[in-house]
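# Structural characterization, general
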Amino acid sequence: MGYRRFAVLISRYPRFIILCWVFIIGMSAVWAWKLPDIVQDHGLKRIHGDAQAVELVLKDEFGSPADPVILVFEKKEATSPAEFRQWISDCLTQVQVLPAVTSITSPLDTREGMMLKDNMAYALVNMDVPAHQMSHPLEQLRAVLTIDGPGTIQLTGKAVVQQDVNRLSFRDLERAEMVGIPIALIVLCFAFRGLYAAWIAVMMGISTVITAMGVTSLLGYHLELSNFIINVIPMVGMALSIDFALIILSRYREELQRAYEDEGETNNLGSSMVLQSEVLQRTLRTAGRAVLFSAACVLLGLLGLLWIRLPMFLSVSLGAIIVLLLSLLLNVTLLPALLSLSAVRVFKRKSVHSIPRRSIWYTWSAMVMKRPVRMAIGGTVALLLCVYPVTRLELSIPDASSLPERMESRQAAEQLQHDFGQKNTSTIEMVIGGQQQALTASHWQMAHNKVLQLLQDSNVVSIGSPWGLFQPNQKGSPRHFRIPSSLTSSTAGSESHPTPWMRSTVSDHSIRLITTVYGEPGSEQVTDWLERMSNSDYALGSKDVKLRYGGEAAKQHEIMQEVTQQLPKVLVFVVVSNYLVLLAAFRSLLIPIKAILMNLLSLAASFGILVWVFNEGHLGMEPSAIAIMIPVFIAGLVFGISMDYGVFMLSRIQEVYRRTGDSDMAVQQGLASTGRLITSAAAILLAVTVPFAFAEIAGVRQLGIGITAAVLIDVTLIRLILVPALMKLMGRWNWWLPGQL
């Protein structure tokens, strides 16, 4: 009854529905183009984690900016050291007068070798501007810096890298749209054998993306949005919306032809509102129902990402959910309204050929079902071969290396690390205390005990403390460290006027320990060290004294820990919720289990291909780690999108089975009738995602290749081989539910 009323409502007021959507899309377009300026960094951080708290303490208590702009100076060969120093001083004087600049850490004010070497130097520029609003201040900074002088200047730092990532992401998006949309239109023309239907489907995709980007831009004023959504929204929006439109348009054409044959009037459809309503009702009851359950599966996959409490996963999940809901709404309201007004023009061909009994899809399904055991074994072996490389999976947190090598910010970051960084080491910032409570004897006792502990640790390279800079096993007993009797920063070093070193390690509320340890940030060695230190902290002092770990290594450890700890919850939620949706859709206990297992296998196989391409450096890629969010995003997006094809195919199989009661015939006819449609839907998804595989941002490139691999595996090994083979082996048990067979 609900489908009938809904169809009548759309058939009666199509122009009103169209005008409402035109207004919404038009208003959204105004905001959509602002999205690149609203998004922030990648969002891989714990908002309330210890590393974030340490950043705030270092900024407020010690004047150490969390994400400064870094100016990298390089001397030309003909320049003398004195000229180089004078040039740096002149440049920083010009930078100091910029309105956004609050402080500068000059290499001329530090010890020789710390920020200044023979031909290299760097300065830290702190700007009182949020990182996502740095575009104009960076333009002003570049404008005042002299390029033609006794040396060269390059800019880097997280804010600069973020601006480059945002700019290249938008360029990747434009390139992908220029390639993907025409290819999708061509595929749709072949699928519908006409231009009008294909153009309507593409317009559904474009409308979804524009509206979703506009809505997400408005959310950006209240939420921290990851720059990753610039690519995720168009990728998901075009793929889902066009696929939904393809399913509904195909079924509408089929029902339209059946109505022509039943009425015997092939030229008078436009004058019969009742006939239009009946066609639309049958379309919504079949294809609309399949789209609804598909959207539910995708929605549950995206909701699972919310378990991971990082801004990136929150913003990408919300962005993709907005895309999904808009795709669903547009395709069950605007698309039927357009068909109500222009069905005759859209489907000019008056005969819609049914699938011949000996079509390629019918022949293929018959061949698979004649040898179900061989086909099932062969398909499983092929999947396992793709899965095997997953055992060598290497993950990392994206940084400047995700940019192309030609980018200035990446070159400067690598040069800085090469000239001033210590190889195979990590700097850990330890903060004892906070920003409110004044230092007490307990704070100093914990700091003293911690330094003693670190000096006995073979993994420690050096320790910077209020008592000085020390190295393990150096001469001089650390037991002579004196805990000040007066517990203020001004007298902490038994001096009435604290030294610069003391001011950099002690404030009124906090004590700072700067520890360098062996191992790169994110390595297993540093991870184990951080966990061991955290577990031993309770024995060092009062439980009321908080000791926090910060720095890049600690930040990466928190991110990895959050993802790995929450991932099992994500998987359980997605699997259980999808099982319940499929159980309600198909009234079978076994079909949902089989569908979920097939999806999990295809996902694992796509991860294996990612490892082979990126971790091992094949197909012209330089060996590199996979960004930690990519496997999670692929799992959340592809798990649901794969259900899109599966639900549609299984819906057609279920229709035939309910009509005939013959499971084998249902599988063959269902696969034959949906084979071309599923292939077209997969081709559209590939047309949308493949261009992202050639993106300039490494993470976007990995996402594009991962989704491409997952889709190819899903529509070949899964849908064409394993599904029909397993359904043949299971027979009538496919549709078993307790109490019925």
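### A closer look at the packing of helix α6 (residues 135–144) against helix α7 (residues 158–192)
Remark: α6 packs on α7, axes separated minimally by 11 Å, with the N-to-C direction vectors making an angle of 110°. In terms of their interaxial angle, α6 and α7 are classed as roughly perpendicular. Contacts between α6 and α7 pair Ser 135, Leu 138 and Arg 142 from the former with Ala 159, Val 160 and Gln 163 from the latter. Across the contact of α6 with α7, the residue classes tally to three nonpolar, two polar and one charged.

### What to know about the environment of Pro 691
By the element assignment, Pro 691 lies in the loop between α21 (663–689) and α22 (698–730). Judged by its relative accessible area of 15%, Pro 691 falls in the buried class. Each C-alpha atom, one on Pro 691 and one on Thr 708, is 9.9 Å from the other, the two residues being 17 residues apart in sequence. Setting aside its immediate chain neighbours within four residues, Pro 691 contacts Ala 176, Val 179, Gly 180 and Leu 686.

### Quick word on the sheet that holds strand β7 (residues 460–465)
Strand pairing in a sheet is mediated by backbone hydrogen bonds. Such pairs are either parallel or antiparallel. With antiparallel pairing, the five strands of this open sheet are ordered in space as β8-β7-β9-β6-β10. Edge positions in the sheet fall to β8 (468–470) and β10 (547–550), since each has one partner strand and no second. Pairwise comparison of adjacent strand axes, ignoring direction, gives a mean angle of 20° for this sheet. Across four bridges, β7 lies against strand β9 (residues 510–518) in antiparallel orientation. When the sheet's bridge partners are listed, Gly 464 is paired in β9 with Ile 514. Contacting β6 (425–433), β9 and β10, helix α4 (residues 50–62) crosses the sheet at an angle of about 95° to β10.

### Quick look at the confidence of the model for the chain
Per-residue confidence for the chain averages 80 on the pLDDT scale, and 88% of its residues sit at or above 70. Across the chain, the element-wise mean pLDDT spans from 75 in helix α1 (residues 2–12) up to 91 in helix α2 (residues 14–32). With pLDDT under 50 throughout, residues 349–356 is counted as low confidence; its partners more than four residues away or in other chains account for 11 contacts.

### So, the packing of α4 against helix α18 (residues 552–586)
Packed helix pairs are characterised by how far apart their axes lie and by the angle those axes make with each other. Running from N to C, α4 and α18 cross one another at 150°; their axes reach a closest spacing of 8 Å. The angle between α4 and α18 places the two elements in the roughly antiparallel class. Judged by residue contacts, Asp 50, Ala 51 and Glu 55 of α4 engage Ala 554, Lys 555 and Glu 558 from α18.

### With respect to the pairing of β9
Of all nine residues in β9, seven are buried, a share of seventy percent or more. Across nine bridges, β6 lies against β9 in antiparallel orientation. Looking at β9, one finds that Thr 425 is bridged to Tyr 518.

### Some remarks on the packing of aromatic side chains
All chains considered together, the criterion is met by six aromatic pairs. Arranged with centres 5.7 Å apart and planes meeting at 85°, the rings of Phe 73 and Trp 87 form a pair that is edge-to-face. Placement of Phe 73 in strand β1 (residues 69–75) and of Trp 87 in helix α5 (residues 81–96) is noted, with a sequence separation of 14 residues between them. In this structure, Phe 73 and Trp 87 share a single accessibility class: buried. Joined through ring pairs, the aromatic side chains of Phe 73, Phe 84 and Trp 87 make up one cluster. One residue, Lys 34, lies across the ring of Trp 31, its end atom 4.1 Å from the ring centre.

### Brief notes about the pairing of strand β4 (residues 151–156)
Along β4, five of the six residues are buried, which leaves the element largely enclosed by surrounding structure. Relative to β4, β1 runs antiparallel, the two being bridged by six bridges. Of the residues in β4, the one forming a bridge with Glu 74 is Thr 152.

### Examining the sheet that holds β4
The strand order across the open sheet formed by four strands is β2-β3-β1-β4, and the pairing between neighbours is antiparallel. Each edge of the open sheet is held by one strand with a lone partner, namely β2 (101–105) and β4. Averaged over all adjacent pairs, the angle separating strand axes in this sheet is 25°, with direction ignored. Judged from the six bridges that link them, β1 and strand β3 (residues 120–127) form a sheet pairing that is antiparallel. Bridge assignment links Ile 70 to a residue of β3, and that residue is Leu 124. Packed on one face of the sheet, α5 meets β1, β2, β3 and β4 and runs near 155° to β1. Packed on one face of the sheet, helix α14 (residues 408–420) meets β1, β3 and β4 and runs near 105° to β4.

Definitions and cut-offs
- Residues numbered from 1 in each chain as written.
- Predicted model: local features only at pLDDT ≥ 70, side-chain atom pairs only at ≥ 80, totals over all residues.
- Heavy atoms only, no water.
- Axes fitted to C-alpha atoms, helices over the stretch in contact; angles between N-to-C directions.
- Helix = DSSP H or I, 4+ residues; strand = E, 2+ residues; numbered from the N terminus.
- Parallel < 35°, antiparallel > 145°, perpendicular 65-115°, else oblique.
- Contact = heavy atoms within 4.5 Å.
- Nonpolar A, V, L, I, M, F, W, Y, C, P; charged D, E, K, R; others polar.
- Buried < 20%, exposed > 50% of the residue type's maximum accessible area, 1.4 Å probe, protein only.
- Pairing = 2+ DSSP bridges.
- pLDDT = per-residue confidence, 0-100.
- Phe/Tyr/Trp six-rings, centres within 6.5 Å; stacked < 30°, edge-to-face > 60°.
- Lys NZ or Arg CZ within 6 Å of the ring centre and 35° of its normal.

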